[in-house]
Amino acid sequence: MAEHIVKRRLDYEKPDFLISETALTFDLFPEKTVVTSVLLVKRQNTKASHITLDGEELCLVSVSVNDKALSSDEYELNASGLKLCIDCDSVELKIVTEINPKQNTSLEGLYYTQDAYCTQCEAEGFRKITYYLDRPDVLSIFTVTIRTTDAPNKYLLSNGNLVKRYKEGDTDIAVWHDPHPKPSYLFALVAGDFDLLVDTFITRSGRVVNLELYLEKGRLQQGQHALDSLKKAMKWDEDTYGLEYDLDVYMVVAVDFFNMGAMENKGLNVFNSKFVLADAKTATDEDFFNIESIIAHEYFHNWTGNRVTCRDWFQLSLKEGLTVFRDQQFSADMSSYLSTRISQVKVMREHQFVEDTGPMSHPIRPDEVMEMNNFYTVTVYDKGAEVIRMLHTLLSAEGFRKGMDLYFARHDGEAVTCDDFVDAMATANNMDLQHFRQWYSQSGTPLIAVSKKENDLAATTEFTFTQVNPKTADQKEKSPLFVPIVAEFLDTSGKVVDAPSLTNSSIIVNEQHNSFSVEGTNLTPVLLDKFSAPVVIDYDYSIPELLHIIRYASSSYAKWDASQRVFSACIQARYAMQISNATPRGDKLINNRNTLDVQGVLSEYANVLVNADIEGDVLVELLSLPSTETARTGLKTIDPIAFEDASEYVQKSFAEHIGGHALACLSASQVATYQYSVEQVNQRALNASWLKLAVLNEDTRNAALLEIEQRYIQSDNMTDRLNCLKVCQIENIDLFDKLMSSFEQEFGHDAVIMDKWFGLHATTKRVDILAQLDLLRAHGQFTINNPNKVRALIGSFAFYNTLGFHQKHGAGYKYLGDYLLDLDKVNPQVASRIVTPLLQFESFNEPYKSLMKSQIERIFTSKGLSRDLFEKASKALTSSAN
Ligand code: TRP
Ligand code: ZN
């Protein structure tokens with residue numbers, strides 16, 4: 001067991017040695033694979049006399065330097081590496097190790113499941129394969145030989161181009177060569193039997209690229225959407241950024257056992273099969289969307305990540321933030337801008353803002369890391385993308401492209417830092433980005449308080465922006481950031497007034513206080529349109545102002561944002577009322593919201609929706625309530641059960657006001673055969689909203705339930721069927737149970753589809769939910785070794801089953817605690833993700849807070865804890881002590 005030590009960004013030192021060439025030979029056996037590594041080592045620092053190679057959980061067989069075998073007193077070996085003397089400028093190092101892929105349930109390094117070998121090396125998994133300089137700034141040219149005796153027809157894959165494939169007796173051999181120098185985290189090997197879907201792409205300079213999709217046997221037709229997505233992504237990156245693919249073959253392998261979504265290994269992406277396989281019958285619109293976006297994400301990494309990589313892991317957002325931004329741009333171009341942007345903003349508000357209020361708060365470029373796997377976070381990825389997006393807003397599309405061009409011109413083939421990226425943007429645009437850079441070093445969500453003061457004489461309105469940067473678990477001192485706030489101002493007739501003080505439609509807030517004057521009075525400000533910065537706007541909107549925005553704002557996004565505020569205000573008002581009933585002195589909890597006439601507001605809002613001329617794609621968004629995380633904005637702690645009750649009350653009341661109208665709005669089922677198109681996706685989403693509201697409305701409820709059952713049976717696609725299940729999950733448990741059994745009968749054989757079934761069961765409101773979870777864990781499709789199953793069942797429960805998880809006596813928390821301690825032994829990376837809901841104890845009232853915390857204490861003190869869980873549990877306990 002390697003120790004639990006903290007590494008710091010500022011301690012970075014250049015490597016003393018480089019590895020110019022790496023030749024690996026794998027003799028594959030499930031329980032004993034022999035890895036022979038021949039490294040051409042070059043000394044960089046002439047003062048260095050020893051090299052320390054990273055290695056974990058390896059069995060060392062032999063080491064030799066320039067063909068001379070070392071005896072065991074000529075090197076030092078410990079749980080984290082191998083140290084030996086190199087006192088010259090260039091040596092050939094040969095290292096033989098043995099590993100056990102079958103026993104490797106962590107799914108990091110080389111592992112064997114479902115009769116196939118697979119690797120996952122990012123971030124620091126390569127050291128579980130062989131001793132190496134396992135750091136991203138050591139780039140090497142790899143040649144890989146794969147040898148196996150156990151299956152004549154297997155595919156033997158690695159990065160780059162296939163040099164030869166041949167037989168020696170009964171040994172099958174493949175040799176691969178990757179001409180592009182790369183760090184070890186981009187290495188990949190896959191060996192196994194698959195069905196192969198192929199196509200070609202011709203780059204704009206006329207090169208032919210073979211596209212190869214490797215799928216589980218019998219699933220060939222389910223790969224077409226992924227393949228189509230890949231071609232769209234390749235074309236888009238040429239058109240948008242002038243970036244072409246650079247090898248003769250691009251391979252994508254889908255596997256069922258995988259820790260994350262997918263991995264961008266050079267020329268050989270490995271994917272969670274959930275993000276590859278799709279057809280109308282088995283995948284939802286959301287699945288189709290995610291596949292397109294993740295295929296694109298991994299493809300885009302070929303330039304932003306692989307050709308230009310990270311100097312050290314603290315720079316992770318260099319590749320992830322940028323690549324997420326690029327995949328977001330792509331998705332917006334391929335499907336609806338509005339729904340794409342809204343789903344990104346939801347990730348920010350529901351997950352990233354939450355992360356920043358908890359013990360794991362960190363800047364997009366972290367300063368301290370114990371376990372790197374813990375930093376593949378919504379902060380590094382999604383907030384990282386928002387920071388890039390702000391640059392794009394500030395520099396415009398053309399300026400941003402100039403910056404990208406310069407970034408590649410300067411750094412192709414290098415391992416660089418976030419500062420290098422911002423430097424390229426600044427130089428290419430001749431712009432000072434010094435203040436902006438602070439987004440990379442400061443954690444937390446800025447709160448921008450906005451107030452207005454009217455000057456009747458001059459007929460102007462002054463808006464004052466006050467930036468508050470609350471301290472976070474990791475940083476006490478904060479300073480004002482550079483925040484672009486896209487804004488417009490509506491007059492009483494709903495017209496946008498001229499505001500010359502805006503630059504690029506943005507107000508720049510860059511000090512503690514900034515003021516702006518706008519012509520006119522009685523103005524309604526529309527602030528942070530399109531979520532132009534990852535901040536919270538605190539402006540005391542009245543309900544009439546919000547409805548004014550929903551009627552008249554020029555931006556559909558702004559309408560949605562205003563609608564979220566309307567609902568949130570109602571939920572908070574109802575919640576305050578409930579809490580004050582329970583605790584007599586709770587009257588001052590929420591100023592003036594508790595006097596809100598919730599029914600009146602919902603009725604008026606419903607009226608606006610029915611009468612204003614709102615396009616279908618906007619309407620879908622305006623019909624849905626905010627999540628708890630959004631609705632509770634501004635409340636430091638909540639009682640999760642009371643808050644859920646309040647939210648349900650508002651949902652139901654809204655249905656009473658608008659739901660009568662809902663059944664009539666449903667479009668006939670089976671309008672056309674399923675197609676994944678913008679129009680159809682929107683139509684299905686709208687139908688789902690209407691169905692839900694119709695069921696929640698007493699008058700239409702029975703008719704709607706009949707409709708649901710019929711639609712479930714008749715539908716040709718998973719989207720409609722899942723939507724039906726979700727509605728009866730809330731409102732009619734008997735029908736739900738009936739349809740769920742029929743679902744199981746139909747799809748019980750298919751591991752990928754059954755994740756949806758596990759997820760639905762795990763989020764059902766029932767008093768015996770914990771006993772249900774026990775039963776589900778015994779289901780034939782469930783195994784603790786498969787991260788998708790664990791996430792679908794245990795993850796969905798912990799993240800989304802509010803009533804089941806937050807039980808008065810802590811039984812839900814204990815259930816998760818017990819499970820995590822078992823899971824940590826099998827797969828620490830997955831355990832460390834699912835612990836997240838427990839880390840947030842500071843955001844809840846008693847008794848929830850103490851009960852959650854006691855589970856974290858229990859995890860923290862348990863023996864043999866992984867570095868992953870140790871880091872999170874210890875942070876949670878220290879930050880709560882402060
Ligand atoms: N780099 C991958 C991506 O964002 C994600 C990744 C990081 C990953 N670590 C992983 C994937 C471990 C699987 C397992 O595309
Ligand atoms: Zn990525």
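Only a predicted model underlies this, so the values are computations on that prediction, with no experimental measurement involved.

Peer 1: Looking at this structure, I do not really get the environment of Glu-124. What am I missing?
Peer 2: Turning to its location among the elements, Glu-124 is positioned in the loop between strand S11 (116-120) and strand S12 (140-148). The class for Glu-124 is buried, based on a relative accessible area of 17%. With 68 residues separating them in the primary sequence, Glu-124 and Glu-56 have C-alpha atoms 9.8 Å apart. Residue contacts for Glu-124: discarding those within four places in its chain leaves Lys-7, Asp-134, Trp-313 and Met-372.

Peer 1: Can you help me understand the side chain of Gln-564 in this one?
Peer 2: Positionally, Gln-564 belongs in helix H9 (residues 556-582). Take Gln-564: its relative accessible area is 4%, and that puts it in the buried class. At 3.4 Å, the side chain of Gln-564 and the backbone oxygen of Ser-624 are in polar contact. If we ignore the near neighbours within four places in the chain, the residues touching Gln-564 are Ser-624, Leu-625, Pro-626 and Thr-630.

Peer 1: Please clarify how the coordination of the zinc ion (ligand 2) should be interpreted in this entry.
Peer 2: The reference angle at a metal is 109.5 degrees if four donors form a tetrahedron and 90 or 180 degrees if six donors form an octahedron. Each protein donor to the zinc ion (ligand 2) is listed here as His-297 (NE2), His-301 (NE2), Glu-320 (OE) and Glu-320 (OE); together their distances run 1.9 to 2.7 Å. Because the angles between the 6 donor atoms bound to the zinc ion (ligand 2) fall within 47 to 161 degrees, the donor set is best described as irregular. Sequence spacing of the donors to the zinc ion (ligand 2): H-x3-H-x18-E. Separated by 19 residues along the polypeptide, His-301 in the loop between helix H2 (285-300) and strand S22 (309-310) and Glu-320 in helix H3 (residues 316-334) bring together distant segments of the chain. Residue class for His-301 comes out buried when judged on its relative accessible area of 0%.

Peer 1: What am I meant to see in the packing of helix H17 (residues 718-731) against helix H19 (residues 751-762) here?
Peer 2: Helix-helix packing: each pair is described by the crossing angle between the helix axes and the interaxial distance. Between H17 and H19, the least distance of the axes is 11 Å, while the angle of their chain directions is 15 degrees. Here H19 runs roughly parallel to H17, going by the angle between their axes. Considering the relative orientation of H17 and H19, their crossing is right-handed. The segment H17 lies against H19, with Met-718, Leu-722, Leu-725, Lys-726 and Gln-729 engaging Ile-753, Lys-756 and Leu-760.

Peer 1: Just to check I follow, could you spell out the side chain of Thr-630 for this structure?
Peer 2: Relative to the helices and strands, Thr-630 resides in helix H12 (residues 628-631). In this structure Thr-630 comes out as buried when scored by relative accessible area, which is 10%. Residues in contact with Thr-630, not counting those within four places in the same chain, are Arg-349, Glu-350, Gln-564 and Ser-568.

Conventions used here
Residues numbered from 1 in each chain as written. Chains lettered and ligands numbered in written order. Predicted model: local features only at pLDDT ≥ 70, side-chain atom pairs only at ≥ 80, totals over all residues. Heavy atoms only, no water. Helix = DSSP H or I, 4+ residues; strand = E, 2+ residues; numbered from the N terminus. Buried < 20%, exposed > 50% of the residue type's maximum accessible area, 1.4 Å probe, protein only. Contact = heavy atoms within 4.5 Å. Polar contact = N/O pair within 3.5 Å; in protein donor to acceptor, adjacent residues only side chain to side chain. Donors = N, O, S within 2.8 Å, 3.2 Å for Na, K, Ca; no water. Tetrahedral: all angles 85-135°; square planar, octahedral: opposite > 155°, others 65-115°. Axes fitted to C-alpha atoms, helices over the stretch in contact; angles between N-to-C directions. Parallel < 35°, antiparallel > 145°, perpendicular 65-115°, else oblique. Left-handed = near helix turned anticlockwise from the far one by under 90°.

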